[in-house]
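Inside the fold
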Amino acid sequence: MSTPDFFRSRLDQMIDLKHPLAVLATRLPWAAIEASVAPKLAHQVRPAKRVIGEDLAGRFDGEFGGGVRPAGRPRLPIRLMASLLYLKNSFNLSDEELVLRWAENVQWQFFSGMDYYEPRLPCDATQIGRFRRLLGEEGIEQLLKATIHCAVDIKAIKPAELERVIVDSTVQSKAIAHPVDSRLLEIARHKVVSAAKRAGISCKRTYALEGKALRRKAGGYAHAKQFKRLRKTVKRQRTILGVVMREVQRKLDADRSAVAAGGAPTKEPGSPKAISDLTMLLERAERIRTQQRNTKNKLYALHAPEAECISKGKARNPYKFGVKVSLVVTHQRGLMVGARSFPGNPYDGHVLSAQLEQTTNLLQDTGRVPKQVIVDLGYRGVDSDNPGVQIIHRGKLKSLSDHEKRLLWRRQAIEPLIGHTKADHGMDRCWLQGAMGDALHALSCAAGYNIRWLLRAIARLGLRGLSCALSTLSAYATALLRAMPGPISKLGWRVTPIRTAWSANALPTLGWRN
């Protein structure tokens, strides 16, 4: 019988069990996380396909391929993948950096539930993104919810503190370049030509050299503040983009007519999605070509149509291009109990009810709901939309009591927390695709912030030495009782087995009683 682990040291014997991350690994509710996430990762039941045909045995009619298909590579443990998401956003790492550091860090492997050191990558870096998409917004909310429950379980925060929160909104920037007309027009021309080539459509003239020269001229004219020449250059860019688009559209319509008549297109597309991608790019390029300075719902990036221009009113950075994100933190301790993205740049007060609904769902197992909300002046006039919740802001200063005024003084405490979430956990720039990527990124950054918050709370409360001290004390007590059986038996004490098993919510305890 092979015993490959016989000569290997366990991770709990290699690391410092007083480390906050090691203590947190035993306190997070991993069983609850796996139970809530497992249904999203289960194989889906697929309907059967009815097939009618004829073979050597005659005509047949049957259904094939129904039920659950267990095909594919076995999934990795849920705890491993969930811990990778926690670590990625806690330390603001890319997927490639995360898997490389995991293979070298024994503390991280212990946090992920490994028993022995694994000198290999935990998974391919691309699997982290696929796992995040499979979880969806509800699955990432469960990861955030687990951090809140852990904070309550270790008594780092009192449940009563969850009833008083601070709400504020910020901008989560999208990974796009600063939108400039000349640059957008040149990119649109290049993308349309490339997509047409993949779809089997050849353009008579692509204007590649002229487009590159016009882009360079526009940059020089803008730098020299020669705006009349700049407008003339941009106008020419719009013209050549329109010429290319009309030619591609004519040939695309001709191919569709030929296929509808029973013929074949001029050239077969390179991929099944080539035609649909070309149609999508033509629609977005038309928006870029026709939009002007005062146009509503402008397109700021060809690959990210969901990006909005949000004015912040700051002299250093007056405009940001991304999505609005609302954050909720507890008033006293600053634990994050809500994070949600709101596409379309809505008014802050109009999204308060939706944000409080998410926070209520995250706190439902604690038996608490937000009752007092401290906000800024952007949330005025929404008291009727939030019944049962007291909204405190500076506009009500004359009607506030002295205690409520003191509560209002801490409203600014959320500002540095937003800064840490952006600088330390990656919310300053979202690299995920689409509106769903914005929502997942905001929740993941909030979960990473709470993990770092829990590590500081464990160090502050002294929980890092509690488990190890109890385990060591139990071993010393057992040795002492076995070495002196006479005096102990005269006193009437008896020894019961020492429990030293580790679990998510239990600690080693002394097993002796009178």
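Residues numbered from 1 in each chain as written. Predicted model: local features only at pLDDT ≥ 70, side-chain atom pairs only at ≥ 80, totals over all residues. Heavy atoms only, no water.

What to know about the overall build of the protein
To be explicit about the condition: Segments assigned H or I by DSSP are reported as helices when at least four residues long, segments assigned E as strands when at least two residues long, and all are numbered from the N terminus. By definition in these notes, contact holds between two residues if any of their heavy atoms fall within 4.5 Å. Values of accessible area rely on a 1.4 Å probe in the Shrake-Rupley scheme; residue burial ignores everything except the protein chains shown.
Counting secondary structure elements, the protein contains 17 helices and 12 strands. The long-range share in the protein, meaning contacts at least 24 apart out of those at least 6 apart in sequence, stands at 68%. If you sum the accessible surface of the protein, you get close to 28500 Å²; carbon and sulfur atoms cover 54% of it.

A word on helix H9 (residues 208–223)
Rules: Multiplying 1.5 Å by the residue count of a helix minus one yields the expected span of that helix. Three labels apply to residues, based on accessible area from a 1.4 Å probe with only protein chains included: buried if under 20% of the type maximum, exposed if over 50%, partly exposed otherwise in between. Throughout, the arc means that of the directions going from the helix axis to the C-beta atoms.
Between its first and last C-alpha atoms H9 spans 23 Å; for 16 residues at 1.5 Å apiece the expected length is 22 Å, and the two agree. All of the buried residues along H9 are Gly211, Leu214 and Ala218. What you see down the axis of H9 is that its buried residues fit within an arc of 60°, all on one side. Exposed side of H9, more than 90 degrees from the buried face: Leu209, Lys212, Arg216 and His223 are the residues found there.

Some words on the packing of helix H4 (residues 78–90) against helix H5 (residues 95–104)
We apply this condition: The convention used is that axes are lines fitted to C-alpha atoms, helices contributing only their stretch in contact, and that angles between N-to-C directions extend from 0 to 180 degrees. Orientation is classified from the angle alone, with under 35 degrees giving roughly parallel, over 145 giving roughly antiparallel, 65 to 115 giving roughly perpendicular, and any other angle giving oblique. Note on convention: the crossing is left-handed when the near helix lies turned anticlockwise from the far helix by less than a right angle, right-handed when the turn is clockwise.
Packing of H4 against H5 leaves a shortest axis separation of 10 Å and a crossing angle of 115°. Taken together, H4 and H5 sit at an angle that is classed as roughly perpendicular. Relative to H5, the crossing made by H4 is right-handed. Contacts between H4 and H5 involve Leu80, Leu84, Leu87 and Lys88 from the first element and Asp95, Leu98 and Trp102 from the second.

Some details on the packing of helix H7 (residues 125–153) against helix H15 (residues 434–461)
Across the interface, H7 lies against H15 with an axial gap of 9 Å and an inter-helix angle of 25°. Taken together, H7 and H15 sit at an angle that is classed as roughly parallel. Pair H7 / H15 crosses with left-handed handedness. On H15, the residues touching Arg132, Arg133, Gly136, Glu137, Ile140, Glu141, Leu144, Thr147, Ile148, Cys150 and Ala151 of H7 are Met436, Ala439, Leu440, Leu443, Ser444, Ala446, Ala447, Asn450, Ile451, Trp453 and Leu454.

Remarks on the packing of aromatic side chains
Aromatic rings in a pair are described by how distant their centres are and how their planes are angled relative to each other. We count it as follows: Paired rings are identified among Phe, Tyr and Trp, the last through its six-membered ring, by centres lying within 6.5 Å, and are further divided according to the angle between planes into stacked (under 30 degrees), edge-to-face (over 60) and tilted (the rest). In this scheme, the term charge over a ring applies when either NZ of a lysine or CZ of an arginine sits within 6 Å of the ring centre and within 35 degrees of the ring normal.
Throughout the structure, instances matching the rule amount to 4 aromatic pairs. Between the aromatic rings of Trp30 and Tyr86, the centroid separation amounts to 6.2 Å while the plane-to-plane angle is 65°, which identifies the pairing as edge-to-face. Placement of Trp30 in helix H3 (residues 30–41) and of Tyr86 in helix H4 is noted, with a sequence separation of 56 residues between them. Across the pair, exposure class does not vary: Trp30 and Tyr86 are buried alike. Directly above the aromatic system of Tyr116 lies the positively charged group of Arg10, at a separation of 5.7 Å from the ring centroid.

So, helix H2 (residues 20–27)
In terms of burial, H2 is a largely internal element, 8 of the 8 residues being buried. For H2, every residue scored as buried is listed here: Pro20, Leu21, Ala22, Val23, Leu24, Ala25, Thr26 and Arg27.

Notes on the pairing of strand E7 (residues 319–330)
Just so we agree on the cut-off: Only when DSSP finds a minimum of two bridges between them are two strands counted as paired.
Of all 12 residues in E7, 11 are buried, a share of seventy percent or more. Note: strand E5 (residues 164–173) against E7, 9 bridges, orientation antiparallel. Paired with Thr170 across the two strands is Val325, which belongs to E7. In this sheet, E7 lies alongside strand E6 (residues 308–311) in antiparallel orientation, the contact comprising 4 bridges. Across the sheet, Glu308 pairs through a bridge with Gly322, a residue of E7. The turn joining E7 and strand E8 (residues 336–342), which pair antiparallel and follow one another in sequence, is formed by 5 residues; a positive phi near 80° is taken by Gly334.

Observations concerning the environment of Ile154
Tracing the chain through its elements places Ile154 in the loop between H7 and E5. Put simply, Ile154 and Leu454 are 300 residues apart on the chain and 9.3 Å apart in space, counted from C-alpha to C-alpha. Those residues in contact with Ile154, other than ones at most four positions away along the chain, are Arg27, Leu454, Ile458, Leu461 and Leu463.

Quick look at the state of the cysteines
The cut-off we apply is this: Only a pair of cysteine sulfur atoms within 2.5 Å counts as a disulfide in this structure description.
Taken as a whole and judged by the stated rule, the model has 0 disulfides. Take Cys430: it sits in no disulfide, and the sulfur closest to it among the cysteines is that of Cys445, at 7.9 Å. Its relative accessible area of 1% is what places Cys430 among the buried residues. Using a relative accessible area of 0% as the deciding quantity, one classes Cys445 as buried.

Brief notes about the nonpolar core
This is how it is decided: Side-chain atoms within 4.5 Å are what join buried Ala, Val, Leu, Ile, Met, Phe, Trp, Tyr and Cys residues into a set we call a nonpolar core.
By size, the foremost hydrophobic cluster in this structure holds 91 residues, and its most contacted members are Leu24, Tyr86, Phe111 and Trp453. Tallying contributions element by element places H15 first for this core, with 13 residues. Residues within four places of Trp453 in sequence aside, it is in contact with Ala151, Ala156, Ile157, Arg333, Gly334 and Leu335. Among the nonpolar cores identified, the runner-up in size contains 29 residues, and Ile201, Cys203, Val244 and Ile288 belong to it.

Quick word on the pattern of salt bridges
Quick reminder of the rule: Throughout this description, the term salt bridge denotes a Lys or Arg side-chain nitrogen within 4 Å of a carboxyl oxygen of Asp or Glu.
The full count for this structure, using the stated rule, is 21 salt bridges. When the shortest N-O distance is used, the salt bridge between Lys174 and Asp438 registers 2.8 Å. Pair noted here: Lys174 is in the loop between E5 and helix H8 (181–198) and Asp438 is in helix H15, with a separation of 264 residues, a long-range link. The residues Lys174 and Asp438 share a single accessibility class, namely buried. The closest approach of N and O atoms between Lys324 and Asp348, which form a salt bridge, is 2.8 Å. Taken together, the positions of Lys324 in strand E7 and Asp348 in the loop between E8 and helix H12 (352–362) put the pair 24 residues apart, joining distant regions of the chain. Residues Lys324 and Asp348 agree in their burial class; the two are buried. Put simply, Arg8, Glu118 and Arg120 are held in one network by salt bridges that share partners.

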